[in-house]
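What follows is the residue order along each chain.
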Amino acid sequence: MQGIYERAYAQSLKEPERFWAEAARDLHWYRSWDRVLDDTDPPLYRWFPGALVNTCYNALDRHVDEGRGDRIALIYDSPVTQTIRRYTYRELLDLVARCAGGLRRLGVSKGDRVVIYMPMVPEAVIAMLASARIGAIHSVVFGGFAAHELAVRIDDAEPKVVISASCGIEVNRIIPYKPLLDRAIEISRYKPRHCVILQRPHETAAMIPGRDTDWQDLMDAEPAGCVPVAATDPLYILYTSGTTGRPKGVVRDCGGHLVALTWSMKHIYGVEEGEVYWAASDIGWVVGHSYIVYGPLFAGCTTILYEGKSVGTPDPGAFWRVISQHGVCVLFTAPTAFRAIRREDPDGSHIGRYDLGTFRMLFLAGERCDPDTLIWAREHLNVPVIDHWWQTETGWAIGANPAGIELLPIKPGSCTRPMPGYDVRVLGDAGNECPVGRIGNIVIRLPLPPGCLPTLWNNDADYLETYLSAYPGYYTTADAGYIDEDGYLWIMGRTDDIINVAGHRLSTAAIEEVLASHPDVAECAVAGVADHIKGEIPVGFIVLKANAGQNGDAIVTDLIRLVREKIGPITTFKVAVIVARLPKTRSGKVLRGTIKKIADGTPYRVPATIDDPAVLAEIAGALAKLGYPRR
Ligand code: COA
Ligand code: AMP
């Protein structure tokens, strides 16, 4: 007999329009849709065409209008500034409406872009919601990216306004943001008309007269109301690493996003209105967009905006303190946070010092969760620990344990079952469906459910080429894995050159581009190698030009500095080694996968296509000098 999950899943594939119309029912629409799914132009699909909606209305005004204005919408908990601040739905709405009015005054209107380059402060959330309120399209750039990366995003999004802050705070270091912003605008082709700067007490930024506005002046504006927009209009652009040096501008639409995230809060995370939900991530990543800002607010929950780390704060029990102090029911974070906690507190002795009575479930995503970490967390927290799998592109889980509907048996290492709307298949390279248990390319039969990217910003062609061309009729996830005899999904790793460092997605091609720009570098390759805390870290393999000027060590130091300067500290690029040659196929493709296996100590076969097998021994020797494989 089918369980509740299986019935819901089957219905979502058989009658998707009925399923998602039902999910959309309790939300606020200015005008209803002409049809739920527009499938007249495959492989491009649109959800809820004809409908008019406003995302900010559904996140804030709806709750105030329905009498929930005094509930806490957001708790800002910042161990790095020793601040805790609470905002009710009414207070947050007031601030967002004023910020929206300020943006209007700067000339922002429907369809204009607003880039947000901010640390984890409430003003960042206010700016996102304010932009949504007036139908503008926000693009949040993660604070750990350097000026060049910000410039690339500014050039692509062409924002009318950039909102930033004087600084971020990394545990006990002040990171001035304004010089990075100024430098980005200096090197960008497109020049935004206005910058809005939040001056934090820890650092005062120099302002450029005529261009820069103080956040406080922006907020001194008449409140602006919600602008109804088409459900198919973009809500935001979020850039993510692709297989080239250029990031991809993932577009999120308004209507599908609203429906899918609201559905997920109740049915996956199992949280109800009024409960406290915490996604310990950053608003610069998709997890932060979906589950710090939008999902919990759509659902009428209290969300936590945490400015700090899982470890390395003055309080080794930081996570348990937050859960107990604010009554968190569900926590969502990356496995790396738990590996770091476990390293500092292997016996979990800090957990017992806090009352975690409200805590029901832990969700992990962003990278593969090793079973060991999952089991450690489950044993010490005594709650279900759920690994779930998704991507920036999908905006919500493709594979999860739908705990809100029915908690399925947990198999550590698997992300459980496909979520409604995701018809997940495993295909061999020739497009054949793989038998149960056989690893292949994980794809999703079109259409993707609501909430997933309808396209890339200003680039339908790249969208079609990157995601929809390999297997016609299917979306390519670029993850490899298999489905087992119980229908469980096992995600084993990427099929492309993207790596995952501490739950952050990075492109090896982008790092290689920076390395190759060094005058002494003839050739280079970057591979992700296993790291016991961050999951993976990038390691560079450098071939020098015959006439390279400095000694090898000095060049490596230079290269490490260059990557940090160009892409940002979040790359965690700290290891590079000079080699005589790179292992390649006869057609010249670098064998990054084989390098990774050598570094990780995983058994490997010498590829039949290899140009010169002797190079592998040289690479193994270079890695051994660095201490790889690590045991
Ligand atoms: N602004 C500027 N610099 C930043 C930054 C920001 N917003 N965020 C990170 N950085 C810097 C860090 O200071 C660090 O610099 P360093 O090399 O000089 O030390 C570097 O970027 C790497 O940061 P991070 O990957 O966060 O590593 P960490 O060692 O500082 O912390 C963890 C490791 C595991 C504690 C931390 O990554 C964590 O708590 N992660 C879990 C949650 C998460 O972020 N998940 C993401 C998606 S769900
Ligand atoms: P991002 O777009 O940054 O969320 O990264 C998405 C990629 O991270 C996916 O394509 C996977 O490779 C990886 N990923 C995310 N969650 C998981 C998970 N639960 N298990 C395995 N890999 C994951």
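In this text the structure is predicted, and so the values were computed from the model without any measurement. (Residues numbered from 1 in each chain as written. Chains lettered and ligands numbered in written order. Predicted model: local features only at pLDDT ≥ 70, side-chain atom pairs only at ≥ 80, totals over all residues. Heavy atoms only, no water.)

1. Comments concerning the overall build of the protein
Inclusion rule: Every helix listed is a DSSP run of H or I at least four residues long, and every strand listed is a run of E at least two residues long, numbered separately from the N terminus. Our radius of gyration looks at C-alpha atoms and nothing else; its globule reference is 2.2 Å times the residue count to the power 0.38. Buried, partly exposed and exposed residues are distinguished by accessible area as a fraction of the type maximum, computed with a 1.4 Å probe on protein chains only: under 20%, between the cut-offs, and over 50%, respectively. In short, Shrake-Rupley with a 1.4 Å probe defines the accessible areas, and a residue's cover is counted only from the protein chains shown. Counted as positive: Lys and Arg. Counted as negative: Asp and Glu, with His and the chain ends omitted from the count. Charge positions are represented by NZ for Lys, CZ for Arg, CG for Asp and CD for Glu.
The secondary structure content of the protein amounts to 18 helices and 31 strands. Radius of gyration (C-alpha) of the protein: 24 Å, near the 25 Å computed for a compact globule of 631 residues. Classification of the 631 residues of the protein by burial places 61% in the buried group. Surface accessibility of the protein: about 23,800 Å² in total, with carbon and sulfur atoms responsible for 50%. Looking at charge distribution, the protein has the averaged site of its 66 positive side-chain charges lying 2 Å from that of its 75 negative ones.

2. Here we look at the site of ligand 2
Cut-off, in case you're wondering: We call a residue near a molecule or strand as soon as one heavy atom of that residue lies within 4 Å of the molecule or strand. Pairs of N or O atoms are called polar contacts if they sit within 3.5 Å, as long as, within protein, a hydrogen donor faces a hydrogen acceptor (for residues adjacent in sequence, only side-chain-to-side-chain pairs). For this scheme, ten residues count as nonpolar: Ala, Val, Leu, Ile, Met, Phe, Trp, Tyr, Cys and Pro. Four count as charged, namely Asp, Glu, Lys and Arg, and the remainder, Gly too, count as polar.
Residues in contact with ligand 2 amount to 14 residues; listed here are only the nearest, Asp-387, Thr-392, Asp-479, Arg-494 and Arg-505. Between Asp-387 and ligand 2, the recorded distance is 2.7 Å, taken from a side-chain N or O atom to a nitrogen atom. When isolated, ligand 2 has an accessible area of 490 Å², and the protein chains bury 93% of it. Class assignment of the residues belonging to the shell around ligand 2 gives a composition of 3 nonpolar, 5 polar and 6 charged.

3. Focus: the packing of helix H4 (residues 89-105) against helix H5 (residues 122-133)
To keep it simple, the criterion reads: The angle between two axes is taken between their N-to-C directions and runs from 0 to 180 degrees, where each axis is a line fitted to C-alpha atoms and a helix contributes only its stretch in contact. Here a crossing is taken to be left-handed if its near helix is turned anticlockwise relative to the far helix by less than a right angle, and right-handed if that turn runs clockwise. Contacts are assigned to residue pairs that have any heavy atoms within 4.5 Å of one another.
One way to put it is that H4 packs onto H5 with a least axis distance of 8 Å and a crossing angle of 65 degrees. Relative to H5, H4 is oriented so that their crossing is right-handed. Between H4 and H5, the contacting residues are Leu-92, Leu-93, Leu-95, Val-96, Ala-97, Cys-99, Ala-100 and Leu-103 on the first element and Ile-126, Ala-127, Leu-129, Ala-130, Ser-131 and Arg-133 on the second. The residue inventory of the contact of H4 with H5, partitioned by class, reads 12 nonpolar, 1 polar and 1 charged.

4. Remarks on the site of ligand 1
Going by this rule: As used throughout, domain bounds are those supplied by an automatic or database domain assignment.
If you check the shell around ligand 1, you find 25 residues, and the closest are Glu-170, Lys-309, Lys-534, Arg-564 and Lys-574. For ligand 1, a nitrogen atom lies 3.3 Å from a polar atom in the backbone of Gly-143. Within the side chain of Glu-170, one N or O atom sits 2.6 Å away from an oxygen atom of ligand 1. When ligand 1 is considered free in solution it has 940 Å² of accessible area, and contact with the protein chains removes 84% of it. Across the shell around ligand 1, the residue classes break down as 10 nonpolar, 9 polar and 6 charged. Both of domain 1 (4-311 + 388-481) and domain 2 (504-625) provide at least three residues apiece to the shell around ligand 1.

5. Notes on the packing of aromatic side chains
Put simply, the rule is: Pairing of aromatic rings covers Phe, Tyr and the six-membered ring of Trp, with a centre-to-centre limit of 6.5 Å; geometry is then stacked below 30 degrees between planes, edge-to-face above 60, and tilted otherwise. Only when the NZ atom of a Lys or the CZ atom of an Arg is both within 6 Å of the ring centre and within 35 degrees of the ring normal do we say a charge sits over the ring.
Taken as a whole and assessed by the stated rule, the structure comprises 33 aromatic pairs. When the centroid spacing of 5.4 Å and the interplanar angle of 40 degrees are considered together, the rings of Trp-29 and Phe-48 count as tilted. Residue Trp-29 is located in the loop between helix H2 (16-24) and strand S1 (37-41), and its partner Phe-48 is located in the loop between strand S2 (44-47) and strand S3 (52-53); the two are separated by 19 residues in the primary sequence. Each member of the pair, Trp-29 together with Phe-48, is buried. Of the aromatic side chains, those joined through ring pairs into one cluster are Tyr-269, Tyr-277, Tyr-291, Phe-332, Phe-363 and Trp-390. Positioned above the aromatic ring of Tyr-488, the side-chain terminus of Lys-411 is 4.5 Å from the ring centre.

6. Overview of the pairing of strand S30 (residues 535-544)
The line we're drawing: One bridge is not enough; two strands pair if DSSP finds at least two bridges between them. By convention, a crossover is right-handed whenever its connection, traced from the first strand over the helix to the second and viewed with the strands pointing away, goes clockwise.
Within S30, 8 of the 10 residues are buried, which leaves it mostly tucked inside the rest of the structure. Taken together, the 10 bridges between strand S29 (residues 521-531) and S30 define a ladder with antiparallel strand orientation. Bridging across to S30, Ala-530 finds its partner in Glu-536. Counting the residues between successive antiparallel strands, the hairpin from S29 to S30 contains 3 residues. Across 4 bridges, the pairing between S30 and strand S31 (residues 575-578) is parallel. Its bridge partner lying in S31, Phe-541 is registered against Val-577. Running through helix H16 (residues 552-566), the crossover from S30 to the neighbouring parallel element S31 is right-handed.

7. Overview of the sheet that holds S30
Here 3 strands make up an open sheet; going across it, the order is S29-S30-S31 and the pairing mixed. Since the sheet does not close on itself, it has two edges, and those belong to S29 and S31, each with one partner. Between one strand axis and the next, the sheet turns through 25 degrees on average, direction left out of account. Relative to S29, helix H15 (residues 508-516) is tilted by about 145 degrees, and along the sheet it contacts S29 and S30. Packing against the sheet, H16 makes contact with S29, S30 and S31, and its axis sits at approximately 145 degrees to S31.

8. Concerning the nonpolar core
For clarity, the cut-off: Among the buried residues, those of types Ala, Val, Leu, Ile, Met, Phe, Trp, Tyr and Cys that are joined through side-chain atoms within 4.5 Å form a nonpolar core.
The biggest cluster of nonpolar side chains holds 127 residues, and the ones touching the most others in it are Phe-48, Leu-129 and Trp-396. Residues Ala-147, Ile-237, Ile-542 and Phe-573 belong to the second largest nonpolar core, which totals 41 residues.

9. Quick notes on the side chain of Thr-476
For Thr-476, the location among the structural elements is in strand S25 (residues 474-483). Beyond its immediate chain neighbours, meaning those up to four positions away, Thr-476 contacts Ile-442, Val-443, Tyr-467, Ala-470 and Tyr-471.

10. Examining the packing of helix H12 (residues 335-344) against helix H13 (residues 371-381)
For the record, the criterion: Geometric relationships in this document are graded by angle, where less than 35 degrees denotes roughly parallel, more than 145 denotes roughly antiparallel, 65 to 115 denotes roughly perpendicular, and other angles denote oblique.
Running from amino to carboxyl end, H12 crosses H13 at an angle of 65 degrees, the nearest separation of the two axes being 10 Å. On the basis of their axis angle, the class for H12 and H13 is roughly perpendicular. Crossing of H12 over H13 shows left-handed handedness. Contact residues: H12 offers Pro-335, Phe-338, Arg-339, Ile-341 and Arg-342, while H13 offers Asp-372, Thr-373, Trp-376, Ala-377 and Leu-381. Of the residues contributing to the contact of H12 with H13, the split by class is 6 nonpolar, 1 polar and 3 charged.

11. What about the environment of Ala-509?
Mapped onto the elements, Ala-509 comes out in helix H15. For Ala-509, a relative accessible area of 17% puts it in the buried group. In this structure Ala-509 touches Thr-243, Thr-244 and Gly-245, once residues within four positions along its chain are discounted.

12. Comments concerning the sheet that holds strand S24 (residues 440-445)
Pairing is antiparallel in the open sheet, where 4 strands are placed in the order S23-S24-S25-S26. Each edge of the sheet is formed by a strand with only one pairing partner; in this case those strands are strand S23 (423-427) and strand S26 (489-494). Strand-to-strand twist in this sheet, taken as the mean axis angle between neighbours without regard to direction, amounts to 50 degrees. Across 5 bridges, the pairing between S25 and S26 is antiparallel.

13. Things to note about the domain arrangement of the protein
Rule in force here: Values labelled buried area give the accessible surface lost by two parts on being combined, using a 1.4 Å probe and summing over both. Just to be clear on terms, a salt bridge is a Lys or Arg side-chain nitrogen sitting within 4 Å of an Asp or Glu carboxyl oxygen.
By domain assignment, the protein separates into domain 1 (4-311 + 388-481) and domain 2 (504-625). The C-alpha-based centres of domain 1 and domain 2 are spaced at 33 Å. Each side of the interface is counted separately: domain 1 has 17 residues, and domain 2 has 14 residues. Taken together, both faces of the contact between domain 1 and domain 2 bury some 1,100 Å²; the carbon and sulfur share is 53%. Looking at the side of domain 1 facing domain 2, the largest losses of area belong to Ser-241, Gly-245 and Trp-285, adding up to 36% of the total buried there. Where domain 1 packs against domain 2, one counts 1 salt bridge. With its nearest N and O atoms 2.8 Å apart, the salt bridge here joins Arg-505 to Glu-393. At the junction of domain 1 and domain 2, the tally comes to 6 residue pairs in polar contact (both at pLDDT 80 or more).

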